[in-house]
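If you want the building blocks of each chain, they are given just below.
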Amino acid sequence: MCGIVAYVGNKEAYPILIRGLKRLEYRGYDSAGIALLNDKELNIYKKQGKVSELEAFTINKNLKGNIGIGHTRWATHGLPNDVNSHPHFTTNKDIAIIHNGIIENYSTLKEELISRGYQFRSETDTEVIVHLIDDIMKTEKVDLVEAVRHALLSVTGAYALVVISNKHPDTLIAARKSSPLVVGIGKENEFYLASDATPIVEYTKQVVYLNDEEIAILDRNSGLKIVHLSKEEKTPYIQELELHLEALEKGGFEHFMLKEIFEQPKTIHDCFRGRLNTEQGWVNLGGLKDYHQKLLNANRLIFVACGTSWHAAQVGEYLIEELARINVEVEYASEFRYRNPIINEQDVVIAISQSGETADTLAALELAKSKGATIIGICNVVGSSISRITDAGSYTHAGPEIGVASTKAFTAQVTILTLLALLLANKKGTVSAAKFHEIISELENIPKKVKEILDKNNLIKEIATQYKDAKNALYLGRGSSFPVALEGALKLKEISYIHAEGYPAAEMKHGPIALIDEEMPVFVIATKGTSYEKVVSNIQEVKARKGKIIAIVTEGDEQVKSMADHIIEIPDTNEHLVPLLATIPFQLLSYHISVMRGCNVDQPRNLAKSVTVE
Ligand code: M6R
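Residues numbered from 1 in each chain as written. Predicted model: local features only at pLDDT ≥ 70, side-chain atom pairs only at ≥ 80, totals over all residues. Heavy atoms only, no water.

Draft legend 1. Spatial organisation of the overall build of the chain. Looking only at helices and strands, one finds 18 helices and 27 strands in the chain. Since a compact globule built from 614 residues should have a radius of gyration of about 25 Å, the 26 Å found for the chain is in line with a globular shape. Its C-alpha atoms give the chain principal-axis dimensions of roughly 80 × 50 × 45 Å. When each of the 614 residues of the chain is scored for burial, the buried share is 61%. Within the chain, residue pairs in contact and separated by at least 24 positions form 71% of the contacts whose partners lie at least 6 positions apart. Summing over all exposed atoms, the chain offers an accessible surface of approximately 23300 Å²; the carbon and sulfur share of this is 48%. (Helix = DSSP H or I, 4+ residues; strand = E, 2+ residues; numbered from the N terminus. Rg over C-alpha atoms; globule rule 2.2 N^0.38 Å. Buried < 20%, exposed > 50% of the residue type's maximum accessible area, 1.4 Å probe, protein only. Contact = heavy atoms within 4.5 Å. Areas by Shrake-Rupley, 256 points an atom, 1.4 Å probe, with all protein chains shown as cover.)

Draft legend 2. Spatial organisation of the site of the ligand. In the vicinity of the ligand, 15 residues are found, and the nearest of them are Ser309, Ser353, Ser355, Thr358 and Glu494. Between an oxygen atom of the ligand and a main-chain N or O atom of Gln354, the distance comes to 2.7 Å. Contact between the ligand and Ser406: an oxygen atom at 2.8 Å from a main-chain N or O atom of the residue. When isolated, the ligand has an accessible area of 410 Å², and the protein chains bury 91% of it. Put simply, the parts of the chain that give the shell around the ligand at least two residues each are helix H9 (307–324) and helix H16 (481–496). Class assignment of the residues belonging to the shell around the ligand gives a composition of five nonpolar, eight polar and two charged. When residues are assigned to domains, the shell around the ligand turns out to be shared by domain 2 (250–454) and domain 3 (456–599), each giving three or more. (Near = heavy atom within 4 Å. Polar contact = N/O pair within 3.5 Å; in protein donor to acceptor, adjacent residues only side chain to side chain. Nonpolar A, V, L, I, M, F, W, Y, C, P; charged D, E, K, R; others polar. Domains from an automatic or database assignment.)

Draft legend 3. Summary view of the packing of helix H4 (residues 126–140) against helix H5 (residues 144–154). Contact pair H4 / H5: the axes reach a minimum separation of 8 Å and the direction vectors enclose 120 degrees. Of the two possible hands of crossing, H4 and H5 adopt the one that is right-handed. For the pair formed by H4 and H5, the contact residues are Leu132, Ile133, Ile136, Met137 and Glu140 on the first element and Leu144, Ala147, Val148, His150, Ala151 and Ser154 on the second. Per-class residue counts for the contact of H4 with H5 are eight nonpolar, two polar and one charged. (Axes fitted to C-alpha atoms, helices over the stretch in contact; angles between N-to-C directions. Left-handed = near helix turned anticlockwise from the far one by under 90°.)

Draft legend 4. Inspection of the packing of aromatic side chains at higher detail. Summed over all chains, the structure comprises eight aromatic pairs. Summarising the aromatic geometry, the rings of Tyr7 and Tyr192 are spaced 5.0 Å apart at their centres and angled 50 degrees between planes, so their arrangement reads as tilted. You can see Tyr7 sitting in strand E1 (residues 3–8) and its partner Tyr192 sitting in strand E10 (residues 191–194), a full 185 residues away along the chain. Residue classification places Tyr7 among the buried residues on the basis of a relative accessible area of 0%. Members of the aromatic cluster, connected to one another through ring pairs, are Tyr467, Tyr475, Phe523 and Phe586. Its end group placed over the ring of Phe57, Lys61 keeps NZ or CZ at 4.2 Å from the ring centre. (Phe/Tyr/Trp six-rings, centres within 6.5 Å; stacked < 30°, edge-to-face > 60°. Lys NZ or Arg CZ within 6 Å of the ring centre and 35° of its normal.)

Draft legend 5. Representation of helix H13 (residues 408–428) in the model. Counted at 1.5 Å a residue, the expected span for H13 with its 21 residues is 30 Å, and the 30 Å between its end C-alpha atoms agrees. When you tally the buried positions in H13, you get 18 out of 21 residues, the bulk of the element. Gly429 lies just past H13 and shows a positive phi near 75 degrees. (Expected span 1.5 Å × (residues − 1).)

Draft legend 6. Just the pattern of salt bridges, in detail. Inspection of every chain in the model, using the stated rule, returns 30 salt bridges. In this structure, the salt-bridge partner of Glu232 is Lys234, at a minimum N-O distance of 4.0 Å. Classification of Lys234 as partly exposed rests on a relative accessible area of 28%. Each of Arg19, Arg23, Glu202 and Glu249 takes part in a single network of salt bridges with overlapping partners. (Salt bridge = Lys/Arg side-chain N within 4 Å of Asp/Glu carboxyl O.)

Draft legend 7. Structural detail: the domain arrangement of the chain. We note that the domain assignment places domain 1 (3–247), domain 2 (250–454) and domain 3 (456–599) within the chain. The C-alpha centroid of domain 3 is placed 45 Å from the C-alpha centroid of domain 1.

Draft legend 8. Region of interest: unusual backbone geometry. Across the junction of His86 and Pro87, the peptide omega takes the value 0 degrees, indicating a cis bond. As for its placement among the helices and strands, Pro87 is situated in the loop between strand E4 (67–73) and strand E5 (88–89). Notably, His397 is not glycine yet its phi reads approximately 55 degrees, a positive angle. Non-glycine residue Asn606 carries a positive phi angle of around 70 degrees. Mapped onto the elements of the fold, Asn606 is located in the segment after helix H18 (578–596). Its relative accessible area of 60% is what places Asn606 among the exposed residues.

Draft legend 9. The nonpolar core, seen in detail. In terms of nonpolar packing, the biggest core is built from 89 residues, with Leu295, Leu301, Phe303, Ile320, Ile350, Leu424 and Tyr475 touching the most fellow members. Ranked by residue count, the leading element in this core is H13, at twelve residues. Of the domains in this structure, domain 2 (250–454) and domain 3 (456–599) are the two that each give at least three residues to this core. Ile350 has contacts with Leu295, Leu301, Ile302, Phe303, Val304, Ile376, Ile378 and Leu420, leaving out every residue within four places of it along the chain. Within the second largest apolar cluster, 30 residues are counted, among which are Val5, Ile16, Leu63 and Leu248. (Core = buried A, V, L, I, M, F, W, Y, C linked by side-chain atoms within 4.5 Å.)

Draft legend 10. Looking closely at the environment of Tyr45. Note on placement: Tyr45 falls in strand E3 (residues 41–48). Residues Tyr45 and Leu63 lie 18 residues apart in sequence; the distance between their C-alpha atoms is 9.6 Å. Apart from residues lying up to four places away in sequence, Tyr45 is in contact with Ala32, Gly33, Ile34, Leu54, Phe57, Thr58, Lys61, Asn62 and Leu63. Only 2.9 Å separates the side chain of Tyr45 from the backbone oxygen of Asn62, close enough to count as a polar contact.

Draft legend 11. Broad picture of the packing of helix H15 (residues 457–467) against H18. Running from N to C, H15 and H18 cross one another at 55 degrees; their axes reach a closest spacing of 8 Å. In terms of orientation, H15 and H18 fall into the oblique class. Seen along the crossing, H15 lies across H18 with a hand that is right-handed. Note on element contacts: H18 touches H15 through Pro585, Leu588, Leu589, His592, Ile593 and Met596, opposite Asn457, Ile460, Lys461, Ile463, Ala464, Thr465 and Tyr467. Looking at the contact of H15 with H18, its residues break down into nine nonpolar, three polar and one charged. (Parallel < 35°, antiparallel > 145°, perpendicular 65-115°, else oblique.)

Okay, here's the thing in structure tokens:
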């Protein structure tokens, strides 16, 4: 949610900032802006819309400078227009700032500053910080770093920010609290800064992740210095990035989403690689090795997550309760933290998050920790905030997910949860050796079976053409396919703007059935298994009301085929692994419908990949 990039060194900053902003555009694309410092002249360019519009706007401008900051915005306070775009600057344009997060006490601070003669240009919360810094420098007669520190002691809320000043032509000052910031260390006192490592990786693999309430001073003469808000000096902890540049490119696909859908045979395999052994009959999650007993003896496992990750958690609930017979609850992170939940030391709270930065999920974990629960993270982004605050965790190893609509992260999350359920069930003795062996062997076949479904892309595209103009859609499933239905509906609505709802198939007759007419596509997961016959009855109920049935069925199914308008066959698999396969056709259907409707697949309107505000 808002992307930050900055550079100080001896290269031209502009191309680095623009490339970085393009990499970070997934975090917000309401507007983009940069500030460049050249010969003590601070030039600011900002524009509503995408980075490409900023680029067009800056043609023929003075873009010189070896130090600069850049921002891509997801609007919170104030309309997405040019004025509200970052950077924001002091009245005399000596200091400029970029910010990701929300300053909660901004209106009080703004009133105070107005009473002291400051005039505000924008409606943003960010602008108060830059005027506050200016005011503190003037009234307290302190230098810029001290003024930034004092200003941050006065604000409440979340921030990752970078400050640049024409009085300090060699220095950038950055700070974070609850919003991520990474420092890249280049050659000879050359520094990069960004909200994540994607703009940095092509220049250096040496990074320092800033911690909450740390201020980084990046100076091309004196190097990197990190101090805590309390003034305590910190030793930078330099880490080696594992990220590869190719992972950030489209690799010949038209969209990142399509590339990420097609990566799933590999990402699912990467997720379980080295974590199971069919011959010796074990499953292992290295990051949790010291927490097995804690998990097995837990009063409850409480999953906290948002969006797609919440759907994965729902699948996890089915798997863990069914296989390991441990009590599981799944909570929306945003609701969990505000309803005074009853948690104690016997509970284990497990956050699921692709980005590892989702503000609601982070806050839910912090609450659980304060109440004594053990906290565990299942994240995709290595080094993310959730992965760093948790007691233990497992990475999903899906690689960077750039498309705003989550696809490969979901299947990787479900894979980890399957492994977790099997691990606990095996240790607890709640599954027979034969069943344990059957499921882990079949898990190894899943990448190949996902590939078989991807090979039906043309058929799925053909089906998509028939429903691209739908106004509404229903998604139905039972058991662990119910969250897959929820996920299918979310995919459709977020990238094609068609209203879609997911329901447990049997719930349809308690209300949603009233919506069904000949215009309504109903996407149903009707694979062979425990609830098959019941789902067949639900399909009959839809047909009786002239709804259109698009059914995902097990290969060779004849019964549903005779009733449905379209079927998409998926390979037969163990019932517990169906979510990993059934979700793939829904991803492709949504993708094609979005493309056919002319929507922005990778950057749908109003959304951002990483939701770092509550
Ligand atoms: O990074 P996280 O997994 O914590 O993100 C949670 C949601 O914001 C995310 O899944 C969102 O719902 C996606 N747009 C879904 O495609």
